[in-house]
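Structure at a glance
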Amino acid sequence: LKSILKQKGYTLDTDDSGQLTQSLARIQDPKNPFFNKLVRMLATRCMSQAVYFSTGGHAPEFFHHYGLAAAIYTHFTSPIRRYADVIVHRQLAACIGVEALSQNLDNTVVSALSENLNFRNRAAQFADRGSVELHTLLYFKGKTVEEEGFITRVRENGFVVLIPKYGIEGPVFVCPSGGPNPFTFDEETHSLRYSDITLQVFDKIKVQISVDESQTHTYRLKLVCISPAIPKFENKGDNKLNFKKKEDSKPNGKR
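Quick caveat, the model's predicted, so the values are computed rather than measured. (Residues numbered from 1 in each chain as written. Predicted model: local features only at pLDDT ≥ 70, side-chain atom pairs only at ≥ 80, totals over all residues. Heavy atoms only, no water.)

Of the regular secondary structure elements, the protein chain holds 5 helices and 8 strands. Start at the N end of the protein chain and walk to the C end: the helices and strands fall as α-α-α-α-α-β-β-β-β-β-β-β-β. Relative to the globule expectation of 18 Å for 255 residues, the C-alpha radius of gyration of the protein chain, 23 Å, shows a markedly less compact shape. Overall, the protein chain is about 70 × 45 × 30 Å in size when its C-alpha atoms are taken along their principal axes. (Helix = DSSP H or I, 4+ residues; strand = E, 2+ residues; numbered from the N terminus. Rg over C-alpha atoms; globule rule 2.2 N^0.38 Å.)

The following block contains the structure:
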């Protein structure tokens, strides 16, 4: 992200979260009000997701919350919202002598609780995404819509486009699965080039949105780039963008 922004004349300072916040505020495009919001979204995606963990199971260097610039951080709001809040309230109550712990909350127990909370949190996120995907397909079923979007990622065989009006994001392919690719991928500039067409992150394009019903029980949202006009092709395979696997990271954030 830093290299992509540098190509556009912007500097993203990630030395600490305070510098990051300040530099994000300075990244503005008067001609495109959505640009700053898009940069913030992509910057957030570069961060490791905060997870729950027991302080007795990890070194203090992993206690920090980068996004909030907090060296030591835990959260507790209303205990009716999350079970994690209930656990924190019980621990605090025991610390100030209001009430005794209702259960054994040693490191082994709290670590197990944390892992279960993280699992449930991820499951809820997957359920949310699945619900959004289902209702998006229902909304666009039988329709063909043209709308503007912004490129958020570029790979060898296509790119990902975000369509702000509908809040949807999906892949746009530039070649058939396993077939010839007219575009040349430049990993250094994060761009695809063909003839006089160049596709880069942050570029505004126009896409055609429809639902691919060619495979029974596996309907998919179909996004086709119509401006700039790229070479058309017939894709009969299970096409997927070629992304590198993201490495696992250490705990960061919630306690």
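Here we take up the pattern of salt bridges. Where charged atoms from two side chains of opposite charge approach closely, those side chains can pair. If you walk through the whole model with that rule in mind, you get 7 salt bridges. Across the salt bridge formed by Arg82 and Asp85, the nearest N and O atoms sit 3.1 Å from each other. On the basis of relative accessibility, which here comes to 27%, the residue Arg82 falls in the partly exposed class. (Salt bridge = Lys/Arg side-chain N within 4 Å of Asp/Glu carboxyl O. Buried < 20%, exposed > 50% of the residue type's maximum accessible area, 1.4 Å probe, protein only.)

A separate point is the sheet that holds strand 6 (residues 197-200). Strand order in the open sheet made by the 3 strands is 4-5-6, with antiparallel pairing throughout. Each edge of the open sheet is held by one strand with a lone partner, namely strand 4 (184-186) and strand 6. On average, adjacent strands in this sheet sit at an angle of 20 degrees to one another, irrespective of strand direction. Note: strand 4 against strand 5 (residues 191-194), 3 bridges, orientation antiparallel. Note on strand 5: the bridge partner recorded for Thr184 is Arg193. (Pairing = 2+ DSSP bridges. Axes fitted to C-alpha atoms, helices over the stretch in contact; angles between N-to-C directions.)

On to the pairing of strand 3 (residues 168-173), then. With 6 bridges joining them, strand 2 (residues 158-163) and strand 3 adopt antiparallel strand pairing. Paired with Val160 across the bridge in strand 3 is Pro171. Two successive antiparallel strands, strand 2 and strand 3, enclose a turn made up of 4 residues, where Gly167 displays a positive phi of approximately 65 degrees.

Looking now at the packing of helix 4 (residues 83-95) against helix 5 (residues 107-140). Closest axis-to-axis distance for the helix 4/helix 5 pair is 10 Å, and the angle between their directions is 155 degrees. Between helix 4 and helix 5, the crossing angle belongs to the class labelled roughly antiparallel. Judged by the sense of rotation from one axis to the other, the crossing of helix 4 with helix 5 is left-handed. Of helix 5, the residues touching helix 4 (which contributes Tyr83, Ala84, Ile87 and Gln91) are Val110, Leu113 and Leu117. Grouping the amino acids of the contact of helix 4 with helix 5 by side-chain chemistry returns 6 nonpolar, 1 polar and no charged. (Parallel < 35°, antiparallel > 145°, perpendicular 65-115°, else oblique. Left-handed = near helix turned anticlockwise from the far one by under 90°. Contact = heavy atoms within 4.5 Å. Nonpolar A, V, L, I, M, F, W, Y, C, P; charged D, E, K, R; others polar.)

That's the geometry; what it means functionally is another story.
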